[in-house]
Amino acid sequence: MMKTRAEIKELGKQAFLSQYWLCVIVSLLYALILGLGSYTGIVVILLAGPLEVGLCAFSMRLQQGAEVSIATMFTSAFDHNFGRKLGAYWWRQLFTFLWSLLFIVPGIVKGLAYSMQPYILAECPDVTYDQSLKLSMRMMEGQKMRLFVLGLSFIGWALLSGITGGILALLYVGPYMQQTMAQFYQEVKVEAVARGTIRVEELYPVQF
């Protein structure tokens, strides 16, 4: 049975606080690279997707109790099939944009359905970029509202972050949310496998 929202957030917070400064530095580097890169569009185009996968890999490994470092995000982003991560990110952005043209709600729903893609890419190196999107959609069947409410539960923190000029977001809220999302992914993955919505061999295909 899937953990409650409160349990997922608590596990996320525990993982974050266990490596507080490391999580803050990794989150800060991620934001800094993409922030500075926004002045040069090509940087964002090339790095946004792989770095997102790298950040997800860092968060998942920390959740799993594995040894992590600042390098974890970068090696996970660039050490295995860079083009797959790049293509996956923009493929997702394109589909989300197209659904958004049908008004805001379809775009939000599809955004939620696609949200597990970077975690799948980070954990399952042999899953293709298009298959990762399909797996995310199936994994999120019956879970989209749960994720939406989980996001809403951080609104108070978001308001406080705004009041502090974003400082709280960098030092607490951002890393806390990242770890919570990694925990949510673990939960929906296990739930989807248990329900038969996805098969383990789809996540870890045998290569011949």
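Computed from a predicted model, the values in this text were never measured in an experiment. Residue numbering note: each chain is counted from 1, following its sequence as written. At least 70 in pLDDT is required for a residue's local features to be given in this predicted model, at least 80 for side-chain atom pairs to be given and counted, and no such filter applies to totals for whole chains, interfaces and linings, which use all residues. In computing side-chain properties, one takes all heavy atoms of the structure into account and sets aside hydrogens as well as water.

### Focus on the overall build of the chain
Next up, step 1: When its secondary structure is counted, the chain shows twelve helices and zero strands.
Next up, step 2: Taken over C-alpha atoms, the radius of gyration is set against a globule rule of 2.2 Å times the number of residues to the power 0.38. Taking 2.2 N^0.38 as the reference for a compact globule, 208 residues should give roughly 17 Å; the C-alpha atoms of the chain span a radius of gyration of 17 Å, in line with that estimate.
Next up, step 3: Across its three principal axes, the chain shows a C-alpha extent of roughly 45 × 40 × 40 Å.
Next up, step 4: Considering the chain as a whole, with its 208 residues, one finds that 43% of them fall into the buried category.
Next up, step 5: Any two residues having at least one pair of non-hydrogen atoms within 4.5 Å are treated as being in contact. Restricting the contact set of the chain to residue pairs at least 6 apart, pairs at least 24 apart contribute 70%.
Next up, step 6: Per-residue accessibility takes into account occlusion by the displayed protein chains alone, with areas from the Shrake-Rupley method and a 1.4 Å probe. Accessible surface for the chain amounts to roughly 10,700 Å². Of this, 69% is attributable to carbon and sulfur atoms. A helix here means a DSSP run of H or I that spans at least four residues, while a strand means a run of E at least two residues long, and both kinds are numbered starting from the N terminus. Here's how the labels work: a residue is buried when its accessible area is under 20% of the maximum for its type, exposed when over 50%, partly exposed in between, all with a 1.4 Å probe on protein chains only.

### Observations regarding the side chain of serine 161
Next up, step 1: Of note, serine 161 is situated in helix α10 (residues 155-163).
Next up, step 2: Relative accessible area serves as the criterion here: at 6%, serine 161 is assigned to the buried category.
Next up, step 3: If sequence neighbours within four positions are ignored, serine 161 has contacts with Gly166, Ile167, Leu168, Ala169 and Val173.

### What about helix α8 (residues 129-139)?
Next up, step 1: Those residues of α8 that sit buried are Ser132, Leu133, Leu135, Ser136 and Met139. Along the axis of α8, the buried residues cluster in a sector spanning 165°; they form a single face.
Next up, step 2: Packed against the buried residues of α8 are α5 (82-100), α6 (104-113), α7 (117-123), α11 (167-195) and α12 (200-203). To be clear, the arc concerns the directions from the helix axis to the C-beta atoms.

### Focus on the pattern of salt bridges
Next up, step 1: A pair is scored as a salt bridge if a Lys or Arg side-chain nitrogen falls within 4 Å of a carboxyl oxygen belonging to Asp or Glu. Per the counting criterion, the structure on display carries seven salt bridges.
Next up, step 2: The residue glutamate 187 makes a salt bridge to lysine 3 at a minimum N-O spacing of 3.0 Å. Of the two residues, glutamate 187 sits in helix α11 while lysine 3 sits in the segment before α1 (5-18), which places them 184 residues apart along the sequence.
Next up, step 3: By relative accessible area, which is 31% here, lysine 3 ends up partly exposed.
Next up, step 4: Between lysine 189 and glutamate 123 there is a salt bridge, with the nearest N and O atoms lying 2.9 Å from each other. In this pair, lysine 189 sits in helix α11 while glutamate 123 sits in helix α7, placing the two residues 66 residues apart along the sequence. Of the two residues, lysine 189 and glutamate 123, both sit in the buried class.
Next up, step 5: Here the salt bridges do not stand alone but share partners, grouping Arg138, Arg199, Glu201 and Glu202 into one network.

### A word on the layout of surface pockets
Next up, step 1: When its volume is computed, the largest pocket comes out at roughly 530 Å³.
Next up, step 2: Residue polarity is assigned by list, with Asp, Glu, Lys and Arg as charged and Ala, Val, Leu, Ile, Met, Phe, Trp, Tyr, Cys and Pro as nonpolar; anything else, Gly included, falls into the polar class. A class-by-class count of the residues in the lining of the largest pocket yields twelve nonpolar, seven polar and two charged.
Next up, step 3: Its volume calculated, the second largest pocket comes out at about 150 Å³.
Next up, step 4: As for the second largest pocket, its lining consists of 13 residues, of which Arg61, Ser76, Asp79, His80 and Ala122 are closest to the centre.
Next up, step 5: Classifying every residue of the lining of the second largest pocket gives five nonpolar, three polar and five charged. Every definition here rests on a 1 Å grid over the protein atoms only: cavities are sets of points where a 1.4 Å probe fits but cannot get out, pockets are open sets enclosed by protein on both sides within 12 Å along at least five of seven lines, and lining residues have some atom within 4 Å of a point. Grid points are joined across faces, edges and corners, and a volume is the space filled by probe spheres set on the points.

### Comments concerning the packing of aromatic side chains
One pair of aromatic rings is described through two measures. These are the centre distance and the angle between the planes.
Next up, step 1: Between rings of Phe, Tyr and Trp, where Trp is taken as its six-membered ring, a pair exists when centres lie within 6.5 Å; planes separated by under 30 degrees are stacked, by over 60 edge-to-face, and by other angles tilted. Applying the stated rule across the entire model yields ten aromatic pairs.
Next up, step 2: Judged by centre distance (5.8 Å) and plane angle (25°), the rings of phenylalanine 78 and phenylalanine 82 are stacked.
Next up, step 3: An aromatic cluster of at least three residues, connected via ring pairs, comprises Phe16, Tyr20, Trp21, Phe154, Trp157, Tyr172 and Tyr176.
Next up, step 4: We call a charge positioned over a ring when the NZ of a Lys or the CZ of an Arg lies within 6 Å of the ring centre and within 35 degrees of the ring normal. Just above the ring of phenylalanine 154 sits the side chain of lysine 9; from NZ or CZ to the centre is 4.5 Å.

Functional significance is not addressed by these values, which are geometric in nature.
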